[in-house]
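# A structural walkthrough
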Amino acid sequence: IDGTVLYRTNEIKDAYDITVKGDVYKDGTSSPATLQPLTNLALTIGSSTYYTDTAGYYSNTSLALPLTTGLSLSGRWSVVYDMPTGTTPSFSTSITALGSLYTFPATAPATSRHINAYYHVNRVHDFMKMHYPSFTGMDVALPTNVDLTSGTCNAFYNGSSINFYAAGGGCVSFAQIGSVVYHEYGHGISDKYYTMINGATIQNGALNEGNSDVWAMCITHNAIIGENAYT
């Protein structure tokens, strides 16, 4: 009656809450890079590992703030390696408030090439699972090797990893070209799918290349593969 507060409850709880994004060329390098979620990304807190969702988001009400978090370009479906150093680009940050947005740095030891490669591998993996939900041959943290110095103007799948040469020889790094990432990942799909069905990998080289192009075109809706790859 007189306005005295007899009881109250605080509904605001401290909770670990973070969204991780990175600057990527989502639909080709003809348009500026935009902030996109880094999905399935590993977050290291103490001795435990957690993963971001399809929005690059992770929340846990049982984790009290502040918390130091390790972030690297490694997750459920890709682990990026910088080939000159043999390391995975990694950083740490302190999460102190709800609604934290962390933009993965494109500064040493990371570059936009590493971030783009991670993003596009996850994009093609998740697109593939929409069509082959029971196929698990590519449900691994695929080594994604960036800035190989043993050649230029190319990329390749070798049965266990996808690999991108450093810029040079009149070419940019193909790790920045999403359609090339999808194409190389497509070789992995063909390899593992054919092996699952037939006990041996795909033998027809032309069919293999065609399959890889189709995966890229289905994501980009563009018949041009590797656009802007040459300087």
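Before going further, it helps to spend a moment on the overall build of the chain. Looking only at helices and strands, one finds three helices and 12 strands in the chain. Taken over the C-alpha atoms alone, the chain extends approximately 85 × 40 × 35 Å along its principal axes. Counting all 231 residues of the chain, 45% fall into the buried class. In the chain, once contacts between residues fewer than 6 apart in sequence are set aside, the share between residues at least 24 apart is 60%. For the chain, the accessible area works out to roughly 11500 Å², and carbon and sulfur atoms hold 53% of it. The chain carries 9 positive and 16 negative side-chain charges, and their two centres are separated by 5 Å.

We now examine the pattern of salt bridges. Taken as a whole and judged by the stated rule, the model has four salt bridges. The partner of Asp-147 in a salt bridge is Arg-113, with the nearest N and O atoms 2.8 Å apart. Taken together, the residues span a long stretch of sequence, with Asp-147 in strand E10 (residues 142-148) and Arg-113 in helix H1 (residues 112-131) at a distance of 34 residues.

Before going further, it helps to spend a moment on the side chain of Thr-52. Looking at the secondary structure, you find Thr-52 in the loop between strand E4 (48-51) and strand E5 (57-60). Under the relative-accessibility criterion, Thr-52 is labelled buried at 3%. A distance of 2.8 Å separates the side chain of Thr-52 from the backbone oxygen of Leu-38, its partner in a polar contact. Within the structure, the side chain of Thr-52 is placed 3.1 Å from the backbone nitrogen of Asn-40, a separation counted as a polar contact. Other than its neighbours up to four places away in sequence, Thr-52 contacts Val-20, Leu-38, Thr-39, Asn-40, Leu-41, Leu-43, Tyr-57 and Tyr-58.

Each value, and the rule that gives it
- Residues numbered from 1 in each chain as written.
- Predicted model: local features only at pLDDT ≥ 70, side-chain atom pairs only at ≥ 80, totals over all residues.
- Heavy atoms only, no water.
- Helix = DSSP H or I, 4+ residues; strand = E, 2+ residues; numbered from the N terminus.
- Buried < 20%, exposed > 50% of the residue type's maximum accessible area, 1.4 Å probe, protein only.
- Contact = heavy atoms within 4.5 Å.
- Areas by Shrake-Rupley, 256 points an atom, 1.4 Å probe, with all protein chains shown as cover.
- Lys, Arg positive; Asp, Glu negative; His and termini not counted.
- Charge placed at Lys NZ, Arg CZ, Asp CG, Glu CD.
- Salt bridge = Lys/Arg side-chain N within 4 Å of Asp/Glu carboxyl O.
- Polar contact = N/O pair within 3.5 Å; in protein donor to acceptor, adjacent residues only side chain to side chain.

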